Amino acid sequence: MRKSTAIVSAAIVAAIPVAIMSPAEAAPYQVTASISTSSAQSGLGPVIRGSISPDTAGKTVHLQRYISGTWTTVDTTLTDADGEYAERVTPAELDYKIGSLKFRAKVVGSGGYTSGASPTVTKTIYGWQSLAYMDAIYGDSRRYVDGNDEFFADEESADDSWQIKDPLVGQVSTRYTKWDLQEKCIRLRGFAGIDDFESVPGAIGRFIISIDGTSNDSAENYALGSVEFLYEPLYKTRYLALKAYKLNGNATVIGVGEPEVLCSKYLPQDY
């Protein structure tokens with residue numbers, strides 16, 4: 001009798017379906033993501049790179065930004081043969097947002113693996129902003145600043161510019177334009193020189209960058225037809241001033257074409 005009971009019990013147990021999931025079926029993709037400091041500060045949009053595990057070639061990676069409480073895909077890319085990926089997210093894909101932004105990478109489950117996402121990566125993203133249109137603290141009333149004015153120097157041309165027209169010979173103390181950068185900008189770029197079309201042969205002048213009251217005067221004189229490309233660091237600068245003056249009576253316009261600052265905040269504009 002005991003033997004029969006054991007046989008019946010064994011039969012009942014065998015009849016009960018048991019669902020056992022393998023570890024692979026239950027495991028999510030493991031995803032990593034990082035953003036290099038240099039790419040975040042390039043002004044071109046950050047490069048997000050990382051990998052997925054297990055290594056899968058051709059897997060779609062969703063690059064996402066945290067927007068208003070929701071993870072939103074802003075770009076996608078594919079993994080290589082080692083399960084790695086790297087993709088630059090453009091300013092347009094970021095809706096030209098700058099400042100402290102949150103990112104992650106996500107892959108959708110397939111092949112027995114569930115969806116997986118990387119930890120959140122927070123980075124300060126920088127963007128270029130034109131000084132020609134930025135609200136400024138001006139020097140004397142005779143300063144000339146026009147963001148719409150064309151500027152030509154040694155065959156370089158710009159639609160946006162900072163200019164001083166007819167500055168006094170050898171005097172710069174009141175000939176300047178100053179901006180409050182709020183310690184949000186890290187770089188200045190543009191090209192400086194004497195305007196080819198509004199100056200006469202023999203014109204000589206000087207351009208000066210002043211950072212928080214300290215002038216960066218290279219002691220380099222500009223002659224008509226010469227140009228200098230600017231790429232100046234502005235780490236934690238509060239006030240940036242651009243100054244210029246002429247060294248003889250021939251120069252009429254000294255300026256900077258395409259003056260821009262790389263900032264983590266959009267500063268007020270004057271139009």
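Time to look at the environment of Lys 246. Its location among the elements puts Lys 246 in strand E21 (residues 239-246). Sequence spacing of Lys 246 and Gly 205 is 41 residues, and the spatial spacing of their C-alpha atoms is 3.9 Å.

A separate point is the side chain of Gln 163. Tracing the backbone shows Gln 163 in strand E14 (residues 161-165). Here Glu 150 takes part through its backbone oxygen, which lies 3.2 Å from a polar atom of the side chain of Gln 163. Separated by 2.8 Å, the side chains of Gln 163 and Ser 161 make a polar contact.

Time to look at the packing of aromatic side chains. In this structure the tally under the stated criterion is seven aromatic pairs. When the ring centre of Tyr 239 is taken as reference, the NZ or CZ atom of Lys 178 above it lies at 4.9 Å.

Grouped together as the largest cluster of nonpolar side chains are 26 residues, with contacts concentrated most on Leu 181, Phe 207, Leu 240, Leu 242 and Val 261. Elements supplying a minimum of two residues to this core: E14, strand E16 (185-194), strand E17 (204-211), E21 and strand E22 (253-263). Leu 181 has contacts with Met 134, Leu 234, Thr 237, Arg 238, Leu 240, Val 261 and Leu 267, leaving out every residue within four places of it along the chain. Ranked by size, the runner-up nonpolar core spans 19 residues in total, among them Ile 35, Ala 40, Val 89 and Leu 94.

With respect to burial, E21 is a largely interior element, seven of its eight residues being buried. Where strand E15 (residues 176-180) lies against E21, five bridges are found, and the strand directions are antiparallel. Residue pairing across strands places Thr 177 opposite Leu 242, the latter belonging to E21. Strand direction decides the pairing type here: E17 and E21, joined by seven bridges, are antiparallel. Across the sheet, residue Ile 208 finds its bridge partner in E21, namely Lys 243.

Moving on, we get to the pattern of salt bridges. The tally for this structure, following the rule as stated, stands at two salt bridges. For the salt bridge of Glu 260 with Arg 189, the shortest nitrogen-to-oxygen distance reads 2.8 Å. One end of the pair, Glu 260, is in strand E22; the other, Arg 189, is in strand E16, with 71 residues separating them in the sequence. Note on Glu 260: relative accessible area 18%, which makes it buried. Since its relative accessible area comes to 29%, Arg 189 is described here as partly exposed.

This paragraph deals with the environment of Ala 27. Residue placement: Ala 27 occurs in the loop between helix H2 (23-26) and strand E1 (30-31). C-alpha separation for the pair Ala 27 and Gly 112, spaced 85 residues apart in sequence, amounts to 8.0 Å. Apart from residues lying up to four places away in sequence, Ala 27 is in contact with Gly 112, Tyr 113 and Thr 114.

Looking now at the pairing of E14. The two faces of the sheet receive side chains in turn, since in a regular strand these alternate between them. Most of E14 is tucked away: four of the five residues are buried. Pairing of E14 with E22, which is carried by five bridges, proceeds in the antiparallel orientation. Residue pairing for E22: Trp 162 is matched across the bridge by Val 256.

Attention shifts here to a negative patch on the surface. A contiguous patch of negative charge on the surface is contributed by Asp 55, Asp 80, Asp 82 and Glu 84. One can find Glu 84 in strand E6 (residues 84-88). According to the relative accessible area criterion, Glu 84 is partly exposed, its value standing at 41%.

How each quantity is defined
Residues numbered from 1 in each chain as written. Predicted model: local features only at pLDDT ≥ 70, side-chain atom pairs only at ≥ 80, totals over all residues. Heavy atoms only, no water. Helix = DSSP H or I, 4+ residues; strand = E, 2+ residues; numbered from the N terminus. Polar contact = N/O pair within 3.5 Å; in protein donor to acceptor, adjacent residues only side chain to side chain. Phe/Tyr/Trp six-rings, centres within 6.5 Å; stacked < 30°, edge-to-face > 60°. Lys NZ or Arg CZ within 6 Å of the ring centre and 35° of its normal. Core = buried A, V, L, I, M, F, W, Y, C linked by side-chain atoms within 4.5 Å. Buried < 20%, exposed > 50% of the residue type's maximum accessible area, 1.4 Å probe, protein only. Contact = heavy atoms within 4.5 Å. Pairing = 2+ DSSP bridges. Salt bridge = Lys/Arg side-chain N within 4 Å of Asp/Glu carboxyl O. Patch = residues over 30% accessible without salt bridge, like charges linked within 9 Å, V, L, I, M, F, W, Y side chains within 5 Å. Areas by Shrake-Rupley, 256 points an atom, 1.4 Å probe, with all protein chains shown as cover. Lys, Arg positive; Asp, Glu negative; His and termini not counted. Charge placed at Lys NZ, Arg CZ, Asp CG, Glu CD.

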